[in-house]
Amino acid sequence: MDRLLVTNIGVLATPAGTAAKRGAAQGEVRTLRDAWVMIEDGVIASVGTGQPEAAPGARVLDAGGRLATPGLVDAHTHLIFGGWRQDELALKLKGVPYLDILAQGGGILSTVRATRAASQEELADKARLALDEMLAFGTTTCEAKSGYGLDTETELRQLRAIRALNKSHPIDLVPTFLGAHALPEAYKEDRAAYIRLLCEEMIPAVAAEKLADFCDVFCETGVFTAEESRTILEAGKKYGLRPKLHADEIDPIGGSRLAGEIGAVSAEHLIVCPQDGIASMARGGTTACLLPATSFYLGAAYAPARAMVDAGVPVALATDFNPGSCPCLNMQLVMSLGCLKYRLTPEEVLTAVTLNGAAAIGLADRTGSAEPGKWGDLVLWEAGDLNYITYRLGSNLVHTVIKRGIPYQGGNKNVQAS
Ligand code: IZC
Ligand code: ZN
């Protein structure tokens, strides 16, 4: 048996449990002083304080009195894509809106052209670099969407690249089918035909190869309506794909209401989420997966996170890493924005990027807290307490990432600890 004993943890800060935390419970974080964690074959076997139990044959990692938290879970990324879209920054600075760029055949559709031109290996090689960077910033589990193929062959190629990366990279990946990310140019005059292609060809093909756990739709003005989204997500459900939804990012066209009604596991963005959408998500048990770095990057408003917590909707925070609206993969920046822009406490933010993030991708029983039975996923921080992480805007405070019991000394060796 492979055993790793992490000793001399100054403070271990972690939420507890195997389900999303809502309301006041989102801010309840356990803090154990002078703690240790024993990881056996990649899974946490025991956690304690003071003198650790005898551990013959175990490798010992001295945390040097540092803060430890669970590994970060990035529950929303568009990880697999060809090319970048840096030229859109200049358009944005001229005031051209995101949806106008898309309507003119740019935006998502320009990434679709680059993705269709790339092989599975090229897509995976590019994404591997991003995953290396994410790991160095403390991410140990990450959701990854397709959605830049918009044809069966390329959507499957993206999902196969995710599967290959999940086998070869330390970060655990959770695949989501997002064939309904935009209307492809060839179907501009026949939306119904593309929706039939999604429901009758793509979803069955994805399910046949077991390439995705979730089905997602971009429910937005000029993209897919709420009724079209319902049709696609119901088709996904029939094939065992659990629903997720990009909802209320730019216009409130009923996405959050729909997410609650169909029992979506998560609804994403929610920048302009109305009160009845919040109530619907609370009733449906839907986790709100909020993406503050996207609001920052688009110069948009910030989702009503505090109202969601108060209404009993579990809140997760993620990067939305993608080549257009948010080319950021740094969960620490997301954590700072969670405090500064959503007015969440550092404890609520920690739960949002660990246990609630895990719940948003169906993994709350495997990761998201430092407890026996969960994966041995921890971050050791150049910080003495949680407040320091959210306070040091823009720095990488990671000292060591431990993924399934294996330590990775990424991070920033020159950072000044608290
Ligand atoms: O490529 O612009 N919002 N999808 C929905 C995105 C942003 C990704 C992109
Ligand atoms: Zn997205």
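Preceding this paragraph is the structure being described.
Just so you know, these numbers come straight off a predicted model, no measurement behind them. Per-chain numbering applies: the sequence of each chain, read as written, is numbered from 1 onward. Written order decides the labels, with chains lettered from A and ligands numbered from 1. It should be noted that, the model being predicted, local features are given only for residues of pLDDT at least 70 and side-chain atom pairs only at 80 or more, the latter also being counted only at that level, while totals for whole chains, interfaces and linings use all residues. As a rule here, side-chain values cover all heavy atoms of the structure and leave hydrogens and water aside.

Novice: Lay out empty space enclosed by the protein in plain terms, naming residues and giving numbers.
Specialist: Both site types are read off a 1 Å grid over the protein atoms alone. A 1.4 Å probe that fits but cannot get out defines a cavity, while an open set with protein on both sides within 12 Å along at least five of seven lines defines a pocket; lining residues have an atom within 4 Å of a point. Grid points are joined across faces, edges and corners, and a volume is the space filled by probe spheres set on the points. Under the counting rule described, the total for this entry stands at 2 cavities of 30 Å³ or more. Its boundaries defined by the atoms lining it, the largest cavity holds a volume of some 80 Å³. If you trace the largest cavity, you find it lined by H78, Y98, I108, Y148, H181, F218, H246, E249, H269, D320, N322 and S325. Residues are grouped as follows: Ala, Val, Leu, Ile, Met, Phe, Trp, Tyr, Cys and Pro are nonpolar; Asp, Glu, Lys and Arg are charged; every other residue, Gly included, is polar. Residues that form the lining of the largest cavity fall into these classes: 4 nonpolar, 6 polar and 2 charged.

Novice: Describe the site of ligand 1, listing the residues and the values that go with them.
Specialist: Within the structure, ligand 1 sits among H78, R85, Y98, I108, Y148, H181, F218, H246, E249, N322 and S325. Polar contact is the term for a pair of N or O atoms within 3.5 Å; when the atoms are in protein, one must be able to donate a hydrogen and the other to accept it, and sequence-neighboring residues count only if both atoms are side-chain atoms. One nitrogen or oxygen atom from the side chain of Y98 is found 2.5 Å from an oxygen atom belonging to ligand 1. Contact with the protein chains covers 100% of the free accessible surface of ligand 1, which is 270 Å². What decides whether a molecule sits in a cavity or pocket is whether more than half of its atoms lie within 2 Å of the grid points. Using a 2 Å cut-off from the grid points, one finds that ligand 1 occupies the largest cavity. Across the shell around ligand 1, the residue classes tally to 4 nonpolar, 5 polar and 2 charged. The cutoff for a nearby residue is simple: one of its non-hydrogen atoms must lie within 4 Å of the molecule or strand. In this description, accessible areas are obtained by the Shrake-Rupley approach with a 1.4 Å probe, and a residue is regarded as covered only by the protein chains that are shown.

Novice: Give a detailed account of the layout of surface pockets, specifying residues and quantitative values.
Specialist: In this structure, the largest pocket encloses a volume near 230 Å³. As for the largest pocket, its lining consists of 14 residues, of which L102, A103, L109, L183 and G222 are closest to the centre. Strands here mean DSSP runs of E at least two residues long; helices mean DSSP runs of H or I at least four residues long; both are numbered from the N terminus. Considering each element in turn, the lining of the largest pocket owes the most residues, 3 residues, to helix α2 (residues 98-103). Each residue belonging to the lining of the largest pocket can be placed in one class, and the counts come to 8 nonpolar, 3 polar and 3 charged.

Novice: Please provide a residue-by-residue account of the sheet that holds strand β6 (residues 72-74), values included.
Specialist: Criterion used throughout: strands pair if DSSP finds at least two bridges between them. Taken in spatial order, the 8 strands line up as β6-β7-β8-β9-β10-β11-β12-β13 in an open sheet, and their pairing is parallel. Of all the strands in the sheet, the pair left with one neighbour each is β6 and β13 (315-317). Between one strand axis and the next, the sheet turns by 25° as a mean value, whatever way the strands run. By the bridge criterion, 3 bridges tie strand β8 (residues 172-180) to strand β9 (residues 214-217) in an arrangement that is parallel. Its bridge partner lying in β9, A180 is registered against V217. Should any heavy atoms of two residues lie within 4.5 Å, those residues are considered in contact. Lines fitted to the C-alpha atoms define the axes, with helices restricted to the stretch that makes contact. Angles between their N-to-C directions range from 0 to 180 degrees. Sheet contacts for helix α7 (residues 226-238): β8, β9 and β10 (242-247); angle to β9, the most-contacted strand, approximately 170°. The sheet strands contacting helix α13 (residues 346-353) are β6 and β13, and the helix crosses β13 at an angle near 75°.

Novice: So what's going on with the pattern of salt bridges? Which residues, and what values?
Specialist: Put simply, a salt bridge is a Lys or Arg side-chain nitrogen that is within 4 Å of an Asp or Glu carboxyl oxygen. One pass over the full model with this rule turns up 22 salt bridges. For R85, the salt bridge identified is with E88, shortest N-O distance 2.8 Å. One exposure class covers both R85 and E88, and it is buried. As a salt-bridge pair, E228 and R191 come within 2.8 Å of each other at their nearest N and O atoms. Burial here depends on accessible area, computed with a 1.4 Å probe over protein chains only, as a share of the maximum for the residue type. Under 20% is buried, over 50% is exposed, and the range in between is partly exposed.

Novice: Any chance you could break down the packing of aromatic side chains for me, citing the residues and the numbers?
Specialist: The criterion for an aromatic pair is that two Phe, Tyr or Trp rings (for Trp, the six-membered ring) have centres within 6.5 Å, with stacked assigned to planes under 30 degrees apart, edge-to-face to planes over 60 apart and tilted to the rest. A complete count under the given rule lists 7 aromatic pairs for this structure. With a centroid separation of 5.1 Å and an interplanar angle of 80°, the aromatic rings of F81 and W84 are classed as edge-to-face. We classify F81 as buried; its relative accessible area is 3%. Classification of W84 by relative accessible area gives partly exposed; the value is 48%. On the basis of an interplanar angle of 65° and a centroid distance of 6.3 Å, the ring pair of W84 and F321 is categorised as edge-to-face. Taken together, the positions of W84 in the loop between β6 and α1 (87-93) and F321 in the loop between β13 and α12 (331-340) put the pair 237 residues apart, joining distant regions of the chain. For F321, a relative accessible area of 2% puts it in the buried group. Site record: aromatic cluster; members linked through ring pairs are F81, W84, Y148 and F321.

Novice: Kindly report on the side chain of T400, identifying the contributing residues and their values.
Specialist: Checked against the element boundaries, T400 lands in strand β15 (residues 398-403). T400 gets classed as buried once you look at its relative accessible area, which sits at 0%. A distance of 2.7 Å separates a polar atom in the side chain of T400 from a polar atom in the side chain of H399. The contacts of T400, once residues within four sequence positions are left out, are L61, L378, V379, L380, P407, Y408 and Q409.

Novice: An account of the coordination of the zinc ion (ligand 2) is needed here, citing residue identities and associated values.
Specialist: At this site the zinc ion (ligand 2) is bound by H76 (NE2), H78 (NE2), H246 (NE2) and D320 (OD), with donor distances of 2.0 to 2.8 Å. Each donor residue of the zinc ion (ligand 2) lies on one chain, and together they are spaced H-x1-H-x167-H-x73-D. Taken together, the positions of H78 in the loop between β6 and α1 and D320 in the loop between β13 and α12 put the pair 242 residues apart, joining distant regions of the chain. Taking relative accessible area as the criterion, H78 reaches 2% and is therefore assigned buried. For Na, K and Ca the donor cutoff is 3.2 Å, while for all other metals N, O and S atoms count as donors only within 2.8 Å; water does not appear among the atoms, so some sites may look incomplete.

Novice: Quick one: what's the story with the nonpolar core, residue by residue and with numbers?
Specialist: In this text, buried Ala, Val, Leu, Ile, Met, Phe, Trp, Tyr and Cys residues form a nonpolar core when linked through side-chain atoms within 4.5 Å. Ranked by size, the top nonpolar core spans 105 residues in total, and within it L79, I232, L290 and M308 carry the most contacts. When residues of this core are assigned to their parent elements, the largest contribution, 8 residues, is made by helix α6 (residues 191-208). Contacts of M308, omitting those with residues within four sequence positions, involve L270, C273, I278, M281, A288, L290, V313 and V315. Grouped together as the second largest cluster of nonpolar side chains are 15 residues, L4, A35, I39 and A63 included.

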